[in-house]
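Read off the chains here:
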Amino acid sequence: MSRTLTRALPVITALLSGVPAMAASPEENRKVITDYYTAYAAGDLSKVADFFADDIEWHIPGHHPLAGTKRGKAEVAAFFQQLGKAGFRAELIALMADENWVIDMHRGWSNREGDNVDTIWVLAFRIENGKIREARNFSYDQAAADTFFWHAYPLKPLPERLAD
């Protein structure tokens with residue numbers, strides 16, 4: 001097999017299978033997340049949602065009312081609206097990227113009155129076609145995050161909590 005054909009075969013196979021021939025560059029993926037944080041810092045939630053793939057999955061660790069996996073743009077956007085209500089902010093510290101993933105480290109804190117959180121978070125973002133397809137959160141101090149979210153989003157008292 002000629003060298004040219006050998007090099008072209010993976011590209012031809014990817015094109016025929018409907019899979020993109022090449023992943024984005026690390027720089028392109030890093031820009032997606034940098035721009036996402038710029039929109040988040042500006043409080044522009046409609047712009048933030050533009051960075052999400054339609055079938056996004058956002059995994060929130062912990063044992064608190066906002067924990068769990070959010071699926072789809074609507075659920076993830078609703079999660080971010082709730083973060084905004086608690087005055088939660090994020091400040092990017094560092095980024096690392098490859099062709100599929102961006103790993104960030106940021107300071108996450110709240111400026112609400114009362115109990116607050118101020119800790120370091122690491123997020124692993126899987127990027128597909130220039131959009132965030134998946135995000136996995138990791139907190140340096142999960143106990144502090146759980147305490148903050150329980151105070152910011154207390155359960156309704158019984159029997160209201162159980163009513164439809």
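Structure: above.
These numbers were taken from a predicted model, which means no experiment stands behind them.

J.: What is the right way to look at the pattern of salt bridges in this model?
T.: Note on pairing: side chains with opposite charge can pair once their charged atoms come close. Following the criterion strictly, the structure yields 10 salt bridges and no others. Among the salt bridges present, the one from Arg107 reaches Glu91, with a minimum N-O distance of 3.6 Å. Separated by 16 residues along the polypeptide, Arg107 in strand E4 (residues 101-110) and Glu91 in strand E3 (residues 88-97) bring together distant segments of the chain. On the basis of relative accessible area, Glu91 is assigned to the partly exposed category, the value being 41%. The partner of Arg107 in a salt bridge is Asp118, with the nearest N and O atoms 2.8 Å apart. Remark: Asp118 occurs in strand E5 (residues 118-128) and Arg107 occurs in strand E4; sequence separation between them is 11 residues.

J.: Any chance you could explain unusual backbone geometry here in plain terms?
T.: Residues apart from glycine generally show negative phi values, whereas peptide bonds are mostly found in trans. The linkage connecting Leu158 with the following residue, Pro159, adopts the cis geometry, with an omega of 0°. Tracing the sequence through the fold places Pro159 in the segment after helix H5 (142-152). With a phi close to 50°, Asn129 is a non-glycine residue in the positive phi region. With respect to the helices and strands, the residue Asn129 is situated in the loop between E5 and strand E6 (131-139).

J.: Help me out: how do you make sense of the sheet that holds E4 in this one?
T.: Note: strands within a sheet are paired through backbone hydrogen bonds, in either parallel or antiparallel orientation. Across the sheet, six strands lie side by side as E2-E1-E6-E5-E4-E3; this open sheet has mixed pairing. The sheet is open, and its two borders are formed by strand E2 (68-71) and E3, each paired with just one other strand. This sheet shows a mean twist of 20° between the axes of neighbouring strands, independent of strand direction. Here E5 runs beside E6; their pairing, made up of eight bridges, is antiparallel. Note that in E6 the partner of Leu123 across the bridge is Asn137. Of the strands in this sheet, strand E1 (52-60), E3, E4, E5 and E6 touch helix H2 (residues 26-41), which is tilted by about 170° from E3.

Rules used throughout
- Think of each chain on its own: its residues are numbered from 1, step by step along the sequence as written.
- Side-chain atom pairs in this predicted model are given and counted only at pLDDT of 80 or more, local residue features only at pLDDT of at least 70, and totals for whole chains, interfaces and linings cover all residues.
- Calculation of side-chain values draws on the structure's entire complement of heavy atoms; hydrogens and water are dropped beforehand.
- Here a salt bridge means any side-chain nitrogen of Lys or Arg lying within 4 Å of a carboxyl oxygen belonging to Asp or Glu.
- Put simply, DSSP marks the helices as runs of H or I at least four residues long and the strands as runs of E at least two long, and each gets a number from the N terminus on.
- Throughout, exposure labels follow a simple rule: accessible area from a 1.4 Å probe, protein chains only, divided by the maximum for the residue type, with under 20% read as buried, over 50% as exposed, and the rest as partly exposed.
- Here, strands pair whenever DSSP counts at least two bridges between them.
- Only the contacting stretch of a helix is used when fitting its axis, a line to C-alpha atoms as for every element, and angles between N-to-C directions run 0 to 180 degrees.
- The contact criterion used throughout is that any non-hydrogen atoms of two residues lie within 4.5 Å.

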